[in-house]
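Residue-level structure breakdown
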Amino acid sequence: MAVLEVTGLSKSFGGLTAVNDVDFHVDEQEIVGLIGPNGAGKTTFFNVITGVYEPSEGKIEFLGTSIAGRLPSQVTKLGIARTFQNIRLFNDMTALENVMVGQHCRMKTNVFSAILRTPRALREEERVRDKALALLEYVGLKGHAGELAMNLPYGSQRRLEIARAMATDPQLLFLDEPAAGMNPQETEDLMRLIRRIRDEGMTIILIEHDMRLVMGISDRIVVLDHGEKIAEGSPDVVRQDPKVIEAYLGHAVEA
Amino acid sequence: MPSVSSIAQRVRDLGWYGAFVIAAVAVAMVLPLVIDSARWLTLLTIVLIYVVLASGLNIVVGFTGLLDLGYVAFYAVGGYYTAILFIQVLESHFGVAVSEVWWLFWVNLLIGGILASIAGAIIGYPTLRLRGDYLAIMTLAFGEIIRIVANNWDAVTRGPSGISVPDPAVAGFVFGDARRLYWLILGLAILSVFLISRVIRSRIGRAWTAIREDEIAAEAMGIHTSRYKLLSYAVGAFFAGVMGVFFAHYLNFVHPSNFKLMESILMVSLVVLGGMGNLIGPIAGAVLWISLQEYLRDFEFIQAHPEVRGIAMGAVLVAMMVLRPQGLLGSRRVALEMRPRTVHQSEQERQAVADVRSR
């Protein structure tokens, strides 16, 4: 069954069409890689689906519910989580607090129960803290719970973003260039982490420029260029596709 | 009954921070028994009013990161509400003796706060899309609008004549002298700071801080940011409303000049001075600065040149921005160390926090 079903999605900013009539779907527990040259519309595509922008046209269905035009917070609550291309952690909060914020939409404490510290509010807080600690351990940040996000090394910040996204209890995880700026060792660890997350039941869509990562990990790859989908298929098929080669390398010069 | 060992554990859990808070509260409570000067007690009362105002504003400015230069508006809402109800409506219109309805003051503390909350949400709504400078200008304008309305709507607010307001009382017991008023405001201040700390150290405070740190990421993590920004305005305004009610009955008078733009600027300055985004900062800022300011008021030189106080405040703030931009207590490190009970709950966290401290 398709977790995400996108039909005829377009997004234009004034005269510029960033995403043009894209059909796209992801099945359960699939890892789909979204690639394309710079400016192909990958991040815009992400942003439309996660509610940052409203689509100009087209349908977006997540588990059978239309999510086009909803607020990002509502989309997250429905079960789609994301990370950002340029890391957006809550810098002045600890690693633990960052992940606890991710649980926000699964909590019920309001102003009054927070003031009264009702047993329910206390239990909820404890449950969320334990879960956050477990997630930190899961992504390999055990022992860093009390550190400020901004003091973590770059690779750890990327992993903290993943832990924070997973804290929202998503069914679908969007990773926007998770390996950007990582060294080969860190990229290797990241691949293992992403596989493990998938094997435990998550569906993943990732934008990535690191071809080794994206070819090595994706079940299926979708290629965007100038906002249009130009190819789709298994890594091997896409690699051979003349249109893809052309998009990345340009025309072969006619002799 | 909790066992002796569990009490001992609780005392240990309190740590230095808890011990300091308890000691400070104890000192504040017995202070009036030692000090026998109405002038000093009045000074301390004013300090405590600003402690609450700065702590309430800190919710909006320090925790949620929304620069609000019109906070005085909510203070005015509380003050004028109680004055209008007591004098303009009950006494003048219905001929009720105000001493008969003494209980209304206590009810008004709450209703004044709620009205200010509503005003906060109403003023907050159109500013939701604004950030930084634009937000500051708009809140500043709203603050001025309230004052100008108070100054000109003679029929309701008596404009520049102001309204006289009775002392707070419980049946025949009148909070008329400086000592009683001090104890009353001390109680209100302790309660307010306690309530604020509870909200801050919950899911809600975390959401506010997340919005301050990165609004787009906060929204993407499932926080309905507009709703939480409105909540921040409303909760922040609540405490200004409560203080407005107290202030009117404490001063026995409300007048538009009590709610000038300079007051808003002073409140923001206190928050900045003490340190934004932690609970103790604004309290320290208010205690230090308001004591100094009120103390200086009695010097002949200052009376001859009152503008010197404003200049000094400006100079201190500029120096702060250069030397210690995070404020006196503004470091996150301090905040981290000062929250032993919430942060260390589990063994693992205890270790994590110990790691941070040992660096």
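Remember, it's a predicted structure, so these values are computed and weren't measured experimentally. The residue numbers shown here count from 1 along each chain, following its written sequence. Chains carry letters and ligands carry numbers; both start at the beginning, A for chains and 1 for ligands, and go up in the order they are written. Local features are withheld for residues below a pLDDT of 70 in this predicted model, meaning they are given only at 70 or higher, and side-chain atom pairs are given and counted only at 80 or more; totals for whole chains, interfaces and linings count all residues.

1. What about the domain arrangement of chain A?
All names here are of chain A. A domain assignment, automatic or from a database, supplies the domain bounds used here. Partitioning chain A into structural domains gives domain 1 (1-79 + 170-255) and domain 2 (88-168). Averaged C-alpha coordinates put domain 1 and domain 2 at centres separated by 27 Å. Two residues qualify as a contact pair if the distance between their C-beta atoms, derived from the backbone, is within 7 Å. Contacts between the two partners involve 10 residues from domain 1 and, on the opposite side, 9 residues from domain 2. The helix count covers DSSP runs of H or I at least four residues long, the strand count covers runs of E at least two residues long, and both are numbered beginning at the N terminus. Among the secondary structure elements, those contributing two or more residues to the side of domain 1 that touches domain 2 are α2 (72-78) and α7 (184-199). It is α2 that provides the largest number of residues to the side of domain 1 that touches domain 2, a total of 3 residues. Among the residues making up the side of domain 1 that touches domain 2, the classes are represented as 5 nonpolar, 3 polar and 2 charged. Basically, the charged four are Asp, Glu, Lys and Arg, the nonpolar ten are Ala, Val, Leu, Ile, Met, Phe, Trp, Tyr, Cys and Pro, and anything else, Gly included, counts as polar.

2. Notes on helix α3 (residues 72-91) of chain B
For α3 of chain B, built from 20 residues, the straight-helix expectation of 28 Å at 1.5 Å per residue is met to within 8% by its first-to-last C-alpha distance of 27 Å. For a residue, the bend is simply the angle between two axes, fitted respectively to the seven-residue segment ending there and the seven-residue segment starting there. Remark: the principal bend of α3 of chain B, roughly 35°, maps to Ile84 of chain B. To estimate how far a helix should reach, multiply one less than its number of residues by 1.5 Å.

3. What to know about the sheet that holds strand β2 (residues 16-27) of chain A
Residue and element names in this part refer to chain A. Strands pair, by our definition, only if DSSP identifies at least two bridges between them. Strand order in the open sheet formed by 4 strands is β2-β1-β4-β5, and the pairing between neighbours is antiparallel. Sheet topology places β2 and β5 (65-66) at the edges, where each strand pairs with a single neighbour. Note: strand β4 (residues 57-62) against β5, 2 bridges, orientation antiparallel. The residue of β5 that forms the bridge with Glu61 is Ser66. Of the strands in this sheet, β1 (2-13), β2 and β4 touch helix α1 (residues 42-49), which is tilted by about 65° from β2. To obtain each axis, a line is fitted to C-alpha atoms, and for helices this fit is confined to the stretch in contact; angles are then taken between N-to-C directions over 0 to 180 degrees.

4. Focus on the pairing of strand β3 (residues 31-35) of chain A
Residues and elements named next belong to chain A. Exposure is read from a count of other C-beta atoms within 10 Å of each residue's own; the residue is exposed at 12 or fewer, buried at 20 or more and partly exposed in between. C-beta atoms are placed from the backbone. β3 sits mainly inside the fold: 5 of its 5 residues count as buried. Bridge analysis of β3 against strand β8 (residues 203-207) gives 4 bridges, and the strand direction is parallel. The partner of Gly33 across the bridge, within β8, is Leu206. Relative to strand β9 (residues 220-225), β3 runs parallel, the two sharing 4 bridges.

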